[in-house]
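Coordinate inspection notes
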Amino acid sequence: MARGTQGLLTLPINLWPAETRLLLGLIATWSVFGLLVLASASWWVSQQELGDALYTIKRQLIWMLAGWALFSVVVRTPLKRWLQLAAPALLIGTGLVALTLIIGTTVNGASRWLVLGPIQLQPTELIKPFIVLQGAVLFSQWRRLALDQRVLWMAILGGIILLILKQPNLSTASLTGLVLWLMALASGLPLHWLVGIAGLGLTAGTTSILINDYQRLRVTSFLDPWQDPLGNGYQLVQSLLAIGSGGLSGSGYGLSTQKLMYLPIQTTDFIFAVYAEEFGFVGSVVVLLFLAVFALMGLRVALRSRGNQLRLVAIGCTTILVGQSIMNIAVASGAMPTTGLPLPLVSYGGNSLLASLFIAGLLVRCSLESADPLSLSSRPSRS
Amino acid sequence: MSQTRVASRKRRGRVLKLHPVPSSRLITVVVLLCSALGGLGMRLAWLQLVAGEQLESRARQAQTERRNPLGRRRTIVDRQGRLLAIDEERVTVWAHPRYFRWPGDDPEQRRSPREVAEKLAPILGVSASSLSQRMGQHRSGVRLASNLEPSTAARLKALNIDGIDFEHGPQRIYPQGDLFANVLGFLNLERSPQAGLELSLDDKLRSQELKLGIRRSGDGTPLPDGIGAGSMHRDDLRLQLTLDTRLQRVAQLELLRQVEKWNAKRGAALVMDARNGELLALASVPTYDPNRFWKFKPGLFREWAVQDLYEPGSTFKPINLAIALQAKALTSTSTIDDKGSLTISGWPIHNHDKKAHGRIDLAKVLQVSSNVGMVQAMQRMDSRNYWQWLNKLELNIAPDTDLPGAVSGQLKSLDTFTANAIEPATASFGQGLALTPLKLLQLHGMLSNGGRLVSPHITRGLRSGTELSDSSHLSGRQLLDPAVSQQVLAWMESVVEEGSGQVARIPGYRIGGKTGTAQKAANGVYIPGALITSFVAHLPVEDPRFVVLVVVDEPQGEHVYGSTVAAPVARSIIEALLVIEQIPPSKAVTKALKTT
C-alpha cells in the first residue's frame, strides 16, 4: 500500500489515465468558469459597497488557490486514509455544527458561521466531503453491519441533518439527506427501505416547513412570487427577471443589469441568474450539458472502480457536486423554494470552495485508484 | 452491465457477506441527476425563450426611470435680446412627518414635527409654529413651501433631515412684470398657457424635450446603456419679438399717466416699422402682472387694441384721401367749399366745431379736420368704387398677423353702402365703419411705406443662444402709388405744423400726424358723451418709416380731443423713438442748438 501511494505520487500527470486527465480538465474548466462568472457578478456590488471592484474576486482567487492545494493533497492521498478519517472527522464536524447553534454568528436569522480570527468557518460546508466518505463506508458494507451499528449510524446521520435544520439551514439539510439517500440507492439497498426513508425525510421536511415561518413563507412565495414582488417574492422575482432578460443569447459577459443591486445575494445563491442574464439560454444549456457530462464522467469512474467503497465515493462525489448545482439553479429559476445553496466552484465563499474541491479531489482520486494497477493491491473494499 | 449482474448474483450465492454495488443502481442515480438537469433545461427554456420577452420588458420597466419632460418653455426676448419671459428653477418642499429623523439617529427613532419645524423655520423665514401647525397631524405629503430659490433649497437640503423632500420644477417668470402682459399672456399654476403669445404660440414655445428613459442600477446609479448620441440634447432656442422694451416702457408710462389724468376707460399705444410691419411697441392700459395673474380680472387678459373694434373717426380721413387720390377722383390741388354743415338724405352733418371754412384745399381739410370737406371730397368718387377700395384695404378681413386673437373690421355690405348716400358720407370721416387700432395702424403704414399693405407682427422668430434675428424684408401688397402716399403724408405734416396736431411738433423733425375724436357707438346707436380719442403720427416725413398710433377710450371732462388726450402720449413716444432709433433731425433747429 505504501508502495502504491509512492507510485501514484511520482506518477506524472501526463501518464495519468485519459479519463482522469479529462476529469481534471473538467474540474479546472469549472473553476476558471466560476471565477469568470463571479468576477462579473461581484464587481459592481464590491465597487459600490466596498470601494474595490476586485475585493470579492481577489478573495475568491486566494481561496481557489488554497482549494487547489487541498485538491492536490486529496488527490495524492490514498482514499483508504480518507475513509478511515471519515468517521472521526464527521463527529468533529457534527460537534462544530452543534457549536454554531451556541456561539455561531447569525446572518439573516441563521447561525451558520464560526468565527476563528480572520477566518469564518461554515461547518455545514466542511463536513460535506466526510458525509460522502462516511456514507460510502456505511452503505458499502450495510448488509454486513449489525443492527445496532445500523441504528447508531442512522441516528448519527439523522442527527447531523437535524442539527443543520436547527441552524436553520433547510437547503444544506435537504442536500445532505438527498445525497445520502442517492448513495444508499446506488449501494443497492432494498427499494422498500429507501422509499421508507424517503417518506421519513419528506415528513421531516414538511414538518420543518410547517414549524418555521420563514420556510413556510419561502414555499408560499415560491409558488406565486408575483403575488408579493416587493416582499417575500422579491428575491425570486428579481432572479426570474434576470434569467428572462437573458433571452436566447444573453446580454453579454459583464452586461447584466439585474446584478446592479436589483438581484439580492447575486454572488452566491443567485449567481446563476446573473450568468443566465449575460449568456442567455445558450449559456444555460451549455452549463446544463457540462453538468451532464460531469455526471456521466462520474458514472464512468464509478462503474470502472473496483470495490464498493470506491464506487460509492465516486457516485457520492458526483451526486453532491451535480446535485448541489441542480438545486442552486432550480432555486434561481423558481423550480424549487428559495433556499440558500451556493453553486459549487462558482458562488463566492471559501468554505464552499474548499469543500467542493475536496470532493472533486476525492473523485479524481477514485479515478486514479480504479485505473492504476498499483492501487489494485490497496482496494478499500478488501480492508 | 448484465455481466456484472450475473457476477453479483453468483457472488451473492457463494459469499453472503459480499454485496457489490450494482452498476444498474449507479446508472439509476446518474439518470436521475440527468433527468433533473433536463427538467431544469425545460424550465430555463420556458423562462428564457417563451416568457423571456415579457420578463425582460418587466425588468426594463423596473430598471428604467422614465423622465417625463419637465415642460420647459423657451425664453422670450425683445428685439435687443432683453429677457421678457424665462423659465427659472424653483423648488417645492414636501414634509413626510412619519419619516422625520436626524442624520445619525437610530433607524427606528422619529422626530416630532415641532423639532423639524424649528430647524426649518429660520431658513424658510417663517415661524416654527406656523410650520408645525401646517404639518398638524398629517403623516405625509405636507407642502411646506413652494417657489423656493434653489439656493434656499440647498440650505434646507444641507440639514439632511429624513422625511423632507424636494421637488424641482421650472417656473415661468416675467421679469418686466406688467409691461408685456398684454402681448405675452401667462401660464397658470399648472403651467398651461392662458393668454397671449404663450397661448397662440404654445407649440413653438414648448422646448423640444425628448422623453428620456434612463436605465438605472438598483441603487439609482444611471447607466450609460441605451443613451444614444443626442438624447441629452436640448435646444436653446429663444423666441425673439420685434418689441423694444425701452419704447414699450415709455409708451406704457405715458399712456398710463394720460389715462389716469383723463380718467379714461383704457388706452393703447402702438408703434410700427412700416417698412416690414414690425411692431416696436404695443402698450395697453390697464394691464396686469402675469407673475400674479390670479389677482386680476380675466377681462384684462386680452389685448383690446387687437381684439376690439372702434369707429376710427378723423384718423381715417388720410386713408380716404389716399384712396380718392389713387382713384383719380381728387388731385393734389383739388379744393373744397366747406360751408360748415350739409345734409345728406335728411341727416345733418357738421364740422366738430361747426365752423365754415370756405374754399379750402385738401391739406386744410386735414388740418381743421373738416367733416363737411371730407364728405364733399369723397362724393367725387363713385360710392361703388369707394366701397371696392375699402374692400381692397381688407377692412372686413382679420389682418394677417401673429398677434393672438386679431379680429376683422366691420364694413357695411356693398348694397347697403351704395343704397344710401349717408353711408359713404359717414365713412368719409371715419364713422359707420369699425376696425381695430391694429388695422388702422396697418392702413397708416401703407401711407408711410409707399403704398404697401404690410402684415403687422411682433415675432421675429426662434434663434439659438444670444443670436438675434434679422428684421424681415420689405413685404406687403402694393395698393397705392408712392406719389399718392407721399402727397397724403405731406398734408399730414401740415396738420402737425399748422393744424390740430401741433402738440406732436418736435423741433428739427418732420412729422406727419392726424388727430381723431370719434363718437362711440353701441348697437348702432351713438352713446352720448362717449368719445374715443386718437392720434396717428408718421416720421420722419422725408423718409417715412415709423407709424405711431395712440388711442384713448372714453376720456372724461372738457376739451376731450385727440389733440389733447392722445397726441401728448404720441409725442413722448416719438421723442423716445427718435433717441432709440437714432433718427437724425431733418432740418436745422435753432441757432442756439447749432452753437452748442
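Keep in mind that what you see is a predicted model, and the values were worked out from it rather than measured. (Residues numbered from 1 in each chain as written. Chains lettered and ligands numbered in written order. Predicted model: local features only at pLDDT ≥ 70, side-chain atom pairs only at ≥ 80, totals over all residues. Heavy atoms only, no water.)

On to the overall build of chain A. Counting its secondary structure elements, chain A contains 14 helices and three strands. In chain A, buried positions account for 57% of the 383 residues. Taking contacts inside chain A between residues at least 6 apart in sequence as the whole, the part at least 24 apart equals 74%. Carbon and sulfur atoms make up 68% of the accessible area of chain A, which totals about 15,100 Å². (Helix = DSSP H or I, 4+ residues; strand = E, 2+ residues; numbered from the N terminus. Buried < 20%, exposed > 50% of the residue type's maximum accessible area, 1.4 Å probe, protein only. Contact = heavy atoms within 4.5 Å. Areas by Shrake-Rupley, 256 points an atom, 1.4 Å probe, with all protein chains shown as cover.)

Residues Phe-272, Phe-294, Val-313, Ile-315, Ile-329 and Leu-362 of chain A are the most contacted members of the largest nonpolar core, which totals 120 residues. If one sorts the elements of this core by residue count, helix 12 (residues 271–304) of chain A sits on top with 17 residues. Setting aside residues no more than four positions away along its own chain, Ile-315 of chain A makes contact with Ala-186, Leu-299 and Ala-302 of chain A together with Leu-26, Val-29 and Val-30 of chain B. The next biggest cluster of nonpolar side chains, apart from the first, holds 87 residues, and it includes Ala-268, Phe-301, Trp-304 and Trp-491 of chain B. (Core = buried A, V, L, I, M, F, W, Y, C linked by side-chain atoms within 4.5 Å.)

As a further point, take a nonpolar patch on the surface. A grouping of Leu-248, Val-282 and Val-286 of chain A together with Trp-46, Leu-49 and Val-50 of chain B is seen on the molecular surface, where their side chains present a nonpolar patch of about 580 Å² in accessible area. Residue assignment for the nonpolar patch shows that the elements contributing at least two residues are helix 12 of chain A together with helix 2 (23–50) of chain B. In terms of residues, the nonpolar patch owes the most to one element, helix 2 of chain B, which gives three residues. Within the secondary structure, Leu-49 of chain B sits in helix 2. The class for Leu-49 of chain B is partly exposed, based on a relative accessible area of 41%. (Patch = residues over 30% accessible without salt bridge, like charges linked within 9 Å, V, L, I, M, F, W, Y side chains within 5 Å. Salt bridge = Lys/Arg side-chain N within 4 Å of Asp/Glu carboxyl O.)

Quick look at unusual backbone geometry now. Residues and elements named next belong to chain B. Going from Val-285 to Pro-286, the amide bond is cis rather than trans, its omega being -5 degrees. In this chain, Leu-539 is followed by Pro-540 through a cis amide linkage whose omega measures -25 degrees. Secondary-structure assignment places Pro-540 in the loop between strand 18 (525–539) and strand 19 (546–553). Here the phi dihedral of Asn-147 falls at roughly 60 degrees; this positive angle occurs in a residue that is not glycine. For Asn-147, the position within the fold is in strand 4 (residues 142–148). Even without being glycine, Ser-369 reaches a positive phi, approximately 55 degrees. By the element assignment, Ser-369 lies in the loop between helix 13 (362–367) and helix 14 (371–378). The exposure class of Ser-369 is buried, given its relative accessible area of 5%.

For the rest of this paragraph, the subject is the interface of chain B and chain A. Tallying the contact residues gives 40 residues for chain B and 56 residues for chain A. Summing both partners gives a buried area of about 4,000 Å² for chain B against chain A, and 71% of it is carried by carbon and sulfur. Of all residues in chain B, the largest losses of buried area upon contact with chain A belong to Arg-25, Leu-37 and Gln-48 of chain B, amounting jointly to 17% of the total for that side. Run the count over chain B and chain A and you get zero salt bridges. Applying the counting criterion to the chain B and chain A interface returns 13 residue pairs in polar contact (both at pLDDT 80 or more). (Buried area = accessible area lost by both parts, 1.4 Å probe. Polar contact = N/O pair within 3.5 Å; in protein donor to acceptor, adjacent residues only side chain to side chain.)

Further remarks concern the sheet that holds strand 8 (residues 266–273) of chain B. In a beta sheet, neighbouring strands are held together by backbone hydrogen bonds and run either parallel or antiparallel to one another. Residues and elements named next belong to chain B. If you trace the five strands from one edge of the open sheet to the other, you get 9-8-19-18-17, paired in antiparallel fashion. Each of the sheet's edge strands pairs with one partner strand only, and the pair in question is strand 9 (278–285) and strand 17 (512–522). The sheet shows a mean angle of 15 degrees between the axes of neighbouring strands, taken without regard to direction. Here strand 17 pairs with strand 18 via 10 bridges, running antiparallel. Across the sheet, the residue bridging to Thr-517 is Thr-533, located in strand 18. Packing of helix 10 (residues 245–261) onto the sheet brings it into contact with strand 8, strand 9 and strand 19, and relative to strand 9 it is tilted by some 30 degrees. (Pairing = 2+ DSSP bridges. Axes fitted to C-alpha atoms, helices over the stretch in contact; angles between N-to-C directions.)

With that settled, consider the pairing of strand 19 of chain B. Within a regular strand, the side chains alternate between the two sheet faces. Residue and element names in this part refer to chain B. For strand 19, a buried count of eight out of eight residues is recorded, marking the element as mostly surrounded by other parts of the structure. A two-sided burial pattern is seen for strand 19, the buried positions comprising Phe-546, Val-548, Val-550 and Val-552 on one face and Val-547, Leu-549, Val-551 and Asp-553 on the other. In the sheet, strand 8 pairs with strand 19 via eight bridges, with the strands oriented antiparallel. Among the inter-strand pairings, Ala-269 is bridged to a residue of strand 19, identified as Val-550. Sheet topology places strand 18 next to strand 19; eight bridges connect them, and they run antiparallel. Across the sheet, the residue bridging to Thr-533 is Val-552, located in strand 19. The loop that links strand 18 with its antiparallel partner strand 19 comprises six residues.

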